[in-house]
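Report on the structure
Listed below are the residues making up each chain.
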Amino acid sequence: MTLPELEWQIIYGRCAWAIVTAALAVSLWPRAWKLSRIGILIILAGAAALKALPDDASPAYWLGLAFQWPSAALVGLCLVKLHFAWQGRTGAAMTSGLAWVLALAGAALYIDAIGWISQGFYFWGFGPNGAPALALFFGFACAVAAIRGRARPQALALLFALVTFSVLRLPTGNLWDALLDPILWGWAILALLRQCRNWQARKLRSLAEAEVPAPQAKT
């Protein structure tokens, strides 16, 4: 088990929370796709300045106490969100397939953590052989997806997380902490709930349209 240096964790935490905070602010901004690039830079610079404050004056200190460090995957997807806003796009950073994978993986980890199945999934992420092998496999899959243009931004975000773990062992030295955290899991769950709501709305609309009688031709 190789743990990252504490100094690197502190630097990572401040930078990561700045990116996550900026992405959240941009997401909550009315008509975020119409936000100017200067506005995005101001939001990002403001978030970075707040997180750079010393010790407990920094919001990153309190966020770290509550949530520890954001996963590198969350940081990568937040960068995707900022990239979309920078380009004036309305695309979703959390795709349907990715949301399902994260939701199921998070459910398995949390069910195991509270002792319902007790398989020690989380500790597999510290494995000296298994974790690097999984990181290499996932990284190869993400690289292939990016090259083929299949959900390229999301694939690159996950590849960023895997490289961050493989090279620097950030954020905690555990593979799962690089790929998943409670905030990212909640984001995935909300994305799936939104999908279900949209699907139900489309179904109700199609049923309503089917019940409308066709206009009779005049004789």
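Scroll up to find the structure this text is about.
Presented here is an overview of the structure given in this document. (Residues numbered from 1 in each chain as written. Predicted model: local features only at pLDDT ≥ 70, side-chain atom pairs only at ≥ 80, totals over all residues. Heavy atoms only, no water.)

With that settled, consider the overall build of the chain. Along its length, the chain carries 10 helices and 0 strands. For the chain, the α and β elements follow one another from N to C terminus as α-α-α-α-α-α-α-α-α-α. Taken over the C-alpha atoms alone, the chain extends approximately 85 × 45 × 35 Å along its principal axes. Counting only residues that meet the buried cut, the chain has 35% of its 219 residues in that class. (Helix = DSSP H or I, 4+ residues; strand = E, 2+ residues; numbered from the N terminus. Buried < 20%, exposed > 50% of the residue type's maximum accessible area, 1.4 Å probe, protein only.)

Turning our attention to a nonpolar patch on the surface. Judged by side-chain polarity, W8, I11, V163, V167 and L168 come together as a nonpolar surface patch covering roughly 480 Å² of accessible area. Counting only elements with at least two residues in the nonpolar patch, the list comes to α1 (6-28) and α8 (152-168). In terms of residue count, the dominant contributor to the nonpolar patch is α8 (3 residues). By the element assignment, V163 lies in helix α8. In this structure V163 comes out as partly exposed when scored by relative accessible area, which is 44%. (Patch = residues over 30% accessible without salt bridge, like charges linked within 9 Å, V, L, I, M, F, W, Y side chains within 5 Å. Areas by Shrake-Rupley, 256 points an atom, 1.4 Å probe, with all protein chains shown as cover. Salt bridge = Lys/Arg side-chain N within 4 Å of Asp/Glu carboxyl O.)

Looking now at the packing of aromatic side chains. All told, the structure shown has 7 aromatic pairs when counted by the stated rule. Ring centres 5.0 Å apart and planes at 75 degrees place the aromatic pair F121 and W124 in the edge-to-face group. Of the two residues, F121 and W124 both sit in helix α6 (residues 121-124), 3 residues apart, roughly one turn of that helix. With centroids separated by 5.8 Å and ring planes inclined at 90 degrees, the aromatic side chains of Y122 and F126 adopt a geometry described as edge-to-face. Judged by relative accessible area, which is 19%, F126 ranks as buried. One aromatic cluster is present, formed by Y122, F123 and F126 through successive ring pairs. The side chain of R169 reaches across the aromatic face of F165, ending 4.8 Å from its centre. (Phe/Tyr/Trp six-rings, centres within 6.5 Å; stacked < 30°, edge-to-face > 60°. Lys NZ or Arg CZ within 6 Å of the ring centre and 35° of its normal.)

This next bit is on the layout of surface pockets. Its volume calculated, the largest pocket comes out at about 780 Å³. Taken together, 29 residues line the largest pocket, and the ones lying closest to its centre are A23, S27, K81, W187 and R194. Listing elements by their share of the lining of the largest pocket, those giving two or more residues are α1, α4 (72-87) and α10 (182-211). Across the lining of the largest pocket, the residue classes tally to 19 nonpolar, 7 polar and 3 charged. Quantified by volume, the second largest pocket comes out at close to 480 Å³. In this structure, the second largest pocket is lined by 20 residues; those nearest its centre are L98, V101, F138, C142 and L158. Of all elements in the fold, only α5 (96-113), α7 (130-148), α8 and α9 (175-179) reach the threshold of two or more residues within the lining of the second largest pocket. Ranked by the residues each element gives to the lining of the second largest pocket, the list is headed by α5, at 6 residues. Grouping the constituent residues of the lining of the second largest pocket by class yields 16 nonpolar, 3 polar and 1 charged. (1 Å grid on protein atoms, 1.4 Å probe; cavity = no way out; pocket = protein on both sides within 12 Å on 5 of 7 lines; lining within 4 Å. Points joined across faces, edges and corners; volume = space filled by probe spheres on them. Nonpolar A, V, L, I, M, F, W, Y, C, P; charged D, E, K, R; others polar.)

Take the packing of α5 against α10 next. Here α5 crosses α10 at 125 degrees, and the two axes come no closer than 8 Å. Overall, the two elements α5 and α10 adopt an arrangement that is oblique. The element α5 and its partner α10 pack so that their crossing is left-handed. Contacts from S96, A99, W100, L102, A103, G106, A107 and Y110 in α5 reach P182, L184, W185, A188, I189, A191, L192 and Q195 in α10. Looking at side-chain class alone, the contact of α5 with α10 contains 13 nonpolar, 3 polar and no charged residues. (Axes fitted to C-alpha atoms, helices over the stretch in contact; angles between N-to-C directions. Parallel < 35°, antiparallel > 145°, perpendicular 65-115°, else oblique. Left-handed = near helix turned anticlockwise from the far one by under 90°. Contact = heavy atoms within 4.5 Å.)

Nothing here speaks to function; it is geometry throughout.
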